[in-house]
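Next come the chains, spelled out residue by residue.
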Amino acid sequence: MTFSQKILEYPWDDLENAIFQASHRDVEYALSANPILFKDFLALLSPAAEPYLETMAQISHRVTVQRFGRVIQMYAPLYISSECTNSCVYCGFNRHNTIERATLTMDEVFTEAEELSRAGFQHLLLVSGESPRHVPVEYMADIAKKLSTRFSSLAIEVYPMSTESYSTLVNSGVDGLTVYQETYHLGRYKEVHPAGRKKDYDWRIDTPDRGGQAGFRRLNIGALLGLSNWRVEGAYLALHAGSLAHLYWKSHLSISFPRLRPAFGGYEPEFPVDDAQMVQLLCALRLWMPEAGLVMSTREPASLRDHLIPLGITHMSAGSKTAPGGYKTNRDREGQFEVSDHRSPREVSEMILSRGYEPVWKDWDRAFLDHALGHPLRIDSSEC
Ligand code: SF4
């Protein structure tokens, strides 16, 4: 059962009521439960849990260190195109915005990748607006084939595709898929996605399922905080993550919870989320899914990112640019949104070390996959 079917069992109002009716006693029970059930998780998202934030943070820290150690996986986004056929009201790449559009040539992609490689990155996230005409599958497959000889991990955050297209990309060297539902509230979803292919809620919500069926090693989902009530969005995120982890158990599941940032077009979030609420969501998700990766991008300010490290974050970007060519080819181009943390990768890396954690630039190699598929590990003696 894909998530577009499963979600019908969980009406928005039912989850909202359960969250807002949770009592202090429910929260205390949830904090002592092992394992926690979904109703306990809802209590952790509730207003009643706010006085227990310190306790939640301590447990979250302990669970994360047990599962992951003190490491932060580093990655960088590489924007390959700002062309988009959609009109998401909160996004700088909205097709109605009069910004300079660009799609990188192969040479420009490699120039940008070279710059990121020099900064130490081995994990890249290839990002684009949603325009299959400007960013066809073949173009991405070509990029992946070439970059996969140089980088240990490539993920994509582009337009939702069919399982067959995803299989083509997996076979070309892409191992991770990122796709955010933005909001799980159907009515809000339709309001903020008024035109284009993205209007189709079900097509989007089943995208990670198609990715799991195609064999991506990593699946990353998320909700864009600020579009609707964050507590209920958190509940759906947890359900979605649980469903994917159950069905596609060979894929590692991670969750992002980006907050809306200023972008060209001037959209203001109608449901702002403050820092304490971000921490509550992060800790609740960690207690619900101890083994899930939790991703924090440069959307968030440096001071908050620094403080969230011990609480459960496992993946971080650094030095990010959100325009195609932003690292080297055209540094003045308008980006998708404004980043908050402007520190260089080296500065972020030093900050992580100063907090007793280790920044990890490479935690996986395609040779592992070959081995898992029954091929012998290739060892090139000239590199020994
Ligand atoms: S959020 Fe994505 S799909 Fe929507 S306008 Fe921006 S780039 Fe296009």
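Everything that follows concerns the structure shown earlier in this document.
Residues numbered from 1 in each chain as written. Predicted model: local features only at pLDDT ≥ 70, side-chain atom pairs only at ≥ 80, totals over all residues. Heavy atoms only, no water.

**Student:** An account of the environment of Glu50 is needed here, citing residue identities and associated values.
**Tutor:** Take Glu50: it is sitting in the loop between α4 (38-44) and α5 (53-68). Linking Glu50 and Gln277, residues 227 residues apart in sequence, is a C-alpha distance of 8.3 Å. (Helix = DSSP H or I, 4+ residues; strand = E, 2+ residues; numbered from the N terminus.)

**Student:** So what's going on with the environment of Ser60? Residues and values would help.
**Tutor:** Of note, Ser60 is situated in helix α5. Counting along the chain gives 285 residues from Ser60 to Pro345, while the straight-line C-alpha distance between them is 26 Å. With sequence-adjacent residues up to four places away left out, Ser60 is seen in contact with Leu282, Cys283, Arg286, Leu287, Leu311 and Gly312. (Contact = heavy atoms within 4.5 Å.)

**Student:** Which residues make up unusual backbone geometry, and what are the values?
**Tutor:** The amide bond that connects Asn34 to the next residue, Pro35, takes the cis arrangement and shows omega of 0 degrees. Among the secondary structure elements, Pro35 is positioned in the loop between α3 (24-32) and α4. Positive phi outside glycine occurs at Glu182, with the angle close to 70 degrees. Here Glu182 shows up in strand β4 (residues 176-182).

**Student:** Help me get a handle on the packing of helix α6 (residues 106-118) against helix α7 (residues 137-147), residues and values and all.
**Tutor:** For any two helices packed against each other, the geometry comes down to the angle between their axes and how far apart the axes lie. Direction vectors running N to C along α6 and α7 enclose 40 degrees, while the axes themselves pass 11 Å from each other. The angle between α6 and α7 falls in the class oblique. In the crossing of α6 with α7, the sense of the turn from one axis to the other is right-handed. Contact residues: Met106, Val109, Phe110 and Ala113 in α6; Tyr139, Asp142, Ile143, Lys146 and Leu147 in α7. (Axes fitted to C-alpha atoms, helices over the stretch in contact; angles between N-to-C directions. Parallel < 35°, antiparallel > 145°, perpendicular 65-115°, else oblique. Left-handed = near helix turned anticlockwise from the far one by under 90°.)

**Student:** So what's going on with the site of the ligand? Which residues, and what values?
**Tutor:** Close to the ligand lie Cys84, Asn86, Cys88, Tyr90, Cys91, Phe93, Asn94, Gly129, Glu130, Lys198 and Gln336. Here the residues of the shell around the ligand are counted per class, giving 5 nonpolar, 4 polar and 2 charged. (Near = heavy atom within 4 Å. Nonpolar A, V, L, I, M, F, W, Y, C, P; charged D, E, K, R; others polar.)

**Student:** How would you summarise the packing of aromatic side chains if you had to cite specific residues and measurements?
**Tutor:** For any two aromatic rings, the description comes down to two numbers: the centre-to-centre distance and the angle of the planes. Tallied over the full model, the rule gives 12 aromatic pairs. Judged by centre distance (5.3 Å) and plane angle (75 degrees), the rings of Tyr166 and Phe216 are edge-to-face. In this pair, Tyr166 sits in helix α8 (residues 163-172) while Phe216 sits in the loop between α11 (207-214) and β5 (218-223), placing the two residues 50 residues apart along the sequence. Judged by relative accessible area, Tyr166 falls into the buried class, the value being 1%. (Phe/Tyr/Trp six-rings, centres within 6.5 Å; stacked < 30°, edge-to-face > 60°. Buried < 20%, exposed > 50% of the residue type's maximum accessible area, 1.4 Å probe, protein only.)

**Student:** Can you tell me about the side chain of Ser172, naming the residues and giving the values?
**Tutor:** With respect to the helices, strands and loops of the structure, Ser172 is situated in helix α8. Accessibility expressed as a relative area gives 7% for Ser172, which makes it buried. Within the structure, the side chain of Ser172 is placed 2.8 Å from the backbone oxygen of Thr168, a separation counted as a polar contact. The contacts of Ser172, once residues within four sequence positions are left out, are Ala141, Ala144, Lys145 and Ser148. (Polar contact = N/O pair within 3.5 Å; in protein donor to acceptor, adjacent residues only side chain to side chain.)

**Student:** Account for helix α2 (residues 12-21), naming residues and giving values.
**Tutor:** Spacing of three or four residues puts side chains on the same side of an α-helix, whose turn is 3.6 residues. Burial in α2 covers these residues: Trp12, Leu15 and Ile19. Summarising the axial view, the buried residues of α2 lie within an arc of 75 degrees, below the 170-degree limit, and thus occupy one face. Every exposed residue of α2 that faces more than 90 degrees away from the buried side is listed here: Asp13 and Gln21. On its buried face, α2 sits against α4 and α12 (230-247). (Arc of directions from axis to C-beta.)

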